[in-house]
Protein chains: 2
Amino acid sequence: MTKPLHFTAFQMLTPGDNGVWRDPQNIRNHLDLNYWIGQAQLLERAGFDAMFFADILGVFETRESGAELSVRDAHVFPLGDPFTLVSALAAATRSLGFVVTASTTYEPPFLLARRFSTLDHFTGGRIGWNIVTSYLDSAAANFGLTEQVTHADRYARADEYIEVLEKLWLQSWEADALRRDKASGVYADPAKVRAIDHRGAHYAVRGPHLVEPSPQGRPVYFQATASDTGFDFAIRHAEALYTNAGNPEQLKASIERLEGLARTAGRTARPLVFAGINLAIGASHAEAEEKLERQTRFRNDDSILAWNGIDIRRYPRDTRLSDLATYGTTRPLRSVNGRHDVTIQDYIEHTRRLRTPFTVLGTPDEVVDQIADLAARTGLDGFNISSATTPGVYEDFADHLTARLRARGLLAPPAATPIRLRDRLAPAGIR
Amino acid sequence: MTKPLHFTAFQMLTPGDNGVWRDPQNIRNHLDLNYWIGQAQLLERAGFDAMFFADILGVFETRESGAELSVRDAHVFPLGDPFTLVSALAAATRSLGFVVTASTTYEPPFLLARRFSTLDHFTGGRIGWNIVTSYLDSAAANFGLTEQVTHADRYARADEYIEVLEKLWLQSWEADALRRDKASGVYADPAKVRAIDHRGAHYAVRGPHLVEPSPQGRPVYFQATASDTGFDFAIRHAEALYTNAGNPEQLKASIERLEGLARTAGRTARPLVFAGINLAIGASHAEAEEKLERQTRFRNDDSILAWNGIDIRRYPRDTRLSDLATYGTTRPLRSVNGRHDVTIQDYIEHTRRLRTPFTVLGTPDEVVDQIADLAARTGLDGFNISSATTPGVYEDFADHLTARLRARGLLAPPAATPIRLRDRLAPAGIR
């Protein structure tokens, strides 16, 4: 039997990246609540499992020109707080999930625990957490740190951070603590609501948790990583993982490695694995080609390596990526399908063409075939899809893919009743 | 000419206080988004200026029995995160404001600055901030502190905290930095978006601010205090102030003192002053009496001094309040209309009767008269109104007071177009 795939929509509360906002047809308005409500309703209609809100807490700066490129091109800047958006979208939908990125490095765990619990209630159990440890120097500087804590330290802090949250979410209130018994006047049983008294290397939190147990108990845990440390962390915590690889064979190997790590750790199964794809759907193959080209037509080449802290205007275009060094971020330098022995010019052309082994392009039937094939070849459970501008890929997905995917058993039928995000994804248990 | 008064609705994301949730007619559901949307629409219809969300970050504990009373009676517990609610309510209303409490003591200022800016955009300029410095030991313990920072230290930190926020909100982006010019490809002018490079005694924050200037620039500043230190802080920062006093004459004197302080500090005028009233409206005076009585009928006496950390079950009812000491809070012990030389039993009876000089009770016309009279006698600009249960006071206000207040010029007419909260309140400038 074909296993239904999962789809999430990659979002940030920003005009876009690398100047794509300039497309004259683009009506995206990242600070307009009604714009977002329309997007959420579209994605629900399209059968997406969740909106996935990425986030960072600083600006992509380059060694050569600071924040100039990000400010000018609206390259992941400005960037609003995604948590503030969720309740409006939840009120306008009934089964769409909301995965929100939050860092374990900068915010007191007590506040984050309460926020997620409240949102899990307000969404009826449709909230997920994309766990990140932060990787930008420009973010660290906004929190009084002159430089980032090291990669390994950040993961150690993250482990304890999650330990604190889980004590609040899962241990502070016993399962039958909540009584709401008007006759006896007992709202909750004081013997079953407890302080957690956590005292660890990094955090001291007493509790009790301020919110009664929520529909999912805790948010669904997502993570995005491709590093070894990240994989180890994912095996300890993640229910779903976003990862990338140069090509499907490498991705298959990564997923197998994850399976092995999960077995070794005694997990029932590995996390669900999602990968990003570049998607373009047309009535004809040629129209799909034109749509893919349109996604990068208004991209500004200047800021394409701003992700890595490099202002390419200062270098000859035949400079090799291997001769450049990242700046202000712990992220590795981007490559072309896994190769670093390419020049800036090669990278620009590659970025413009959007042609990677994860580009899925064609008529609706062709695209469905390719999606099914990618999943079968790699073991992927789901796809993360961005849309550079609005209207864009999501409208095409809703109009042309949703029914076809369902007809082939590649997308779950619409939920008859509201459904919790964890029930919808049915990830393996972590422990 | 009569000056229109302002009305805010006191709210917390909690079942209530002192066990009032037990009223069999009560349909309040603090974790149901649709419940809150209904309340917001009701309050907008009633002509309220704003919902005022109070908040604390701990539990009211007593020296004698810890959190027992708060947990059992649902006494301001459980308690969700009010920020998560705003966007859903903003989408369902057009002119109602949302004042959210946030502490300057526990959260990194960079995060709070971004959250308020995002919400000011999403609400179209209808956000306010109730600035608190926190006063509960049980909250401090949730943030790794064994005891609270002192009252004076908290205000010093708060001054710097606000300084950081204002640098982010008002200085990081120049007024004409935002260009959004698709032709030139300039989203914002890099020369006009700057780091703030704040390095103070308590905070180091580099910036730039991640969100473009919002409709109001910054939230409207509210504060709630009656202490001298609090008044000084309010003169430095607040646009509106919630304060309490034993009787109208004392309140009038307080407001005059505030006026003097404002003049001395060179402010154009004092902050707007709001006070809480106990409101009950009936078709007859007798029905209003019955409604007032109903507000406390399901109150549990046991927890009435839990606010101050005292479990009255452990003391004879003739114990004087002056012989008790607060526990776990910097709040002064509650009194009866300013008097502490009363017993626990006196206090219980007083609390049950809800009869203070700020109780406004009667037929609609009587109530309008009393509200007008209270404002005239004290100089008050507005009233903060709670409703113990739902349905309750707000429905009566909308049905019976709104039109009458408007007919007398005591309530502004409905806004013809969406209006920003600061424009609606028109407070005096701080500087």
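Everything numeric here is computed off the predicted structure, so don't read it as measured data. (Residues numbered from 1 in each chain as written. Chains lettered and ligands numbered in written order. Predicted model: local features only at pLDDT ≥ 70, side-chain atom pairs only at ≥ 80, totals over all residues. Heavy atoms only, no water.)

J.: When you look at the overall build of chain A in this model, what are you seeing that I'm missing?
T.: Of the regular secondary structure elements, chain A holds 13 helices and 13 strands. Taken over the C-alpha atoms alone, chain A extends approximately 75 × 55 × 45 Å along its principal axes. For chain A, the proportion of its 431 residues judged to be buried stands at 63%. For chain A, long-range pairs separated by at least 24 residues make up 74% of all intrachain contacts whose partners lie at least 6 apart in sequence. Carbon and sulfur atoms make up 50% of the accessible area of chain A, which totals about 15500 Å². A gap of 4 Å separates the mean positions of the 49 positive and 53 negative side-chain charges of chain A. (Helix = DSSP H or I, 4+ residues; strand = E, 2+ residues; numbered from the N terminus. Buried < 20%, exposed > 50% of the residue type's maximum accessible area, 1.4 Å probe, protein only. Contact = heavy atoms within 4.5 Å. Areas by Shrake-Rupley, 256 points an atom, 1.4 Å probe, with all protein chains shown as cover. Lys, Arg positive; Asp, Glu negative; His and termini not counted. Charge placed at Lys NZ, Arg CZ, Asp CG, Glu CD.)

J.: Would you take a moment to explain the relation of the copies chain A and chain B for this structure?
T.: Mapping between the two copies of the chain is achieved by a rotation about an axis and a shift along the axis. With an RMSD of 0.0 Å, the operation that places chain A on chain B is a rotation of 180° combined with a shift of 0.0 Å along the axis. Here the two chains are linked by the operation of a two-fold rotation axis. Measuring from the rotation axis to each C-alpha of chain A, the shortest distance belongs to A:Ala88, at 1.8 Å. Here 100% of the contact residues of chain A are again contact residues in chain B; the copies associate through an equivalent surface. (Least-squares fit on C-alpha atoms with pLDDT ≥ 70 in both.)

J.: Help me understand the interface of chain A and chain B in this model?
T.: Reports often express the size of an interface as the amount of accessible area lost when the parts come together. Across the boundary between the two partners, chain A contributes 73 residues, which contact 73 residues of chain B. Three residues, A:Leu31, A:Phe122 and A:Lys182, lead the burial of chain A against chain B; their summed loss comes to 12% of the area buried on that side. Summed over the shared surface of chain A and chain B, the result is 6 salt bridges. Counting every contact that joins chain A to chain B gives 36 residue pairs in polar contact (both at pLDDT 80 or more). (Buried area = accessible area lost by both parts, 1.4 Å probe. Salt bridge = Lys/Arg side-chain N within 4 Å of Asp/Glu carboxyl O. Polar contact = N/O pair within 3.5 Å; in protein donor to acceptor, adjacent residues only side chain to side chain.)

J.: Could you clarify how one ought to interpret unusual backbone geometry in this entry?
T.: Trans peptide bonds make up most of the peptide bonds, and negative phi angles are found at most residues other than glycine. All names here are of chain B. A cis amide bond links Gly-207 to the next residue, Pro-208, at an omega of 5°. Along the polypeptide, Pro-208 turns up in the loop between β8 (204-205) and β9 (220-224). With an omega of -5°, the peptide bond between Thr-390 and Pro-391 qualifies as cis. Locating Pro-391 in the fold gives a position in the loop between β13 (382-385) and α12 (393-407).

J.: Help me out: how do you make sense of helix α1 (residues 33-45) of chain B in this one?
T.: Three- or four-residue spacings in an α-helix give side chains the same orientation, since the helix completes a turn every 3.6 residues. Here α1(B) is 13 residues long and its end C-alpha atoms lie 18 Å apart, about the 18 Å a rise of 1.5 Å per residue gives. Buried positions along α1(B) lie against α3 (86-91) and α4 (109-122) of chain A together with β1 (6-11), β2 (50-53), α3 (86-91) and α12 of chain B. The opening residue of α1(B), the one whose side-chain oxygen lies 2.9 Å from the backbone nitrogen of B:Asn34, is B:Asp32. Just past α1(B), the residue B:Gly47 takes up positive phi, approximately 85°. (Expected span 1.5 Å × (residues − 1).)

J.: I'm lost on the packing of aromatic side chains in this one. Help?
T.: The relative placement of two aromatic rings is captured by the distance of their centres and the angle of their planes. All names here are of chain B. Counted under the stated rule, the structure contains 52 aromatic pairs over all chains. An angle of 10° between the planes, with centres 4.3 Å apart, marks the rings of Tyr-106 and Phe-143 as stacked. Here Tyr-106, found in the loop between β3 (97-103) and α4 (109-122), pairs with Phe-143, found in the loop between α5 (137-140) and α6 (151-171); they are 37 residues apart in sequence, far enough to count as distant. For Tyr-106, a relative accessible area of 8% gives the class buried. Ring centres of Tyr-242 and Phe-274 lie 5.1 Å apart, and the angle between their planes is 40°; on these two criteria the pair is classed as tilted. (Phe/Tyr/Trp six-rings, centres within 6.5 Å; stacked < 30°, edge-to-face > 60°.)

J.: Looking at this structure, I do not really get the packing of helix α11 (residues 364-378) of chain B against α12(B). What am I missing?
T.: A pair of packed helices can be characterised by two numbers: the angle between their axes and the separation between those axes. All names here are of chain B. Two elements in contact, α11 and α12, have axes whose closest approach is 9 Å; the angle formed by their N-to-C orientations is 55°. With respect to α12, the element α11 is oriented oblique. In this structure, the crossing between α11 and α12 has a hand that is right-handed. On α12, the residues that touch Pro-364, Asp-365, Val-367, Val-368 and Ile-371 of α11 are His-400, Leu-401, Arg-404 and Leu-405. Looking at the contact of α11 with α12 residue by residue, the class counts come to 6 nonpolar, 1 polar and 2 charged. (Axes fitted to C-alpha atoms, helices over the stretch in contact; angles between N-to-C directions. Parallel < 35°, antiparallel > 145°, perpendicular 65-115°, else oblique. Left-handed = near helix turned anticlockwise from the far one by under 90°. Nonpolar A, V, L, I, M, F, W, Y, C, P; charged D, E, K, R; others polar.)

Spatial relationships are all this shows, so hold off on functional conclusions.
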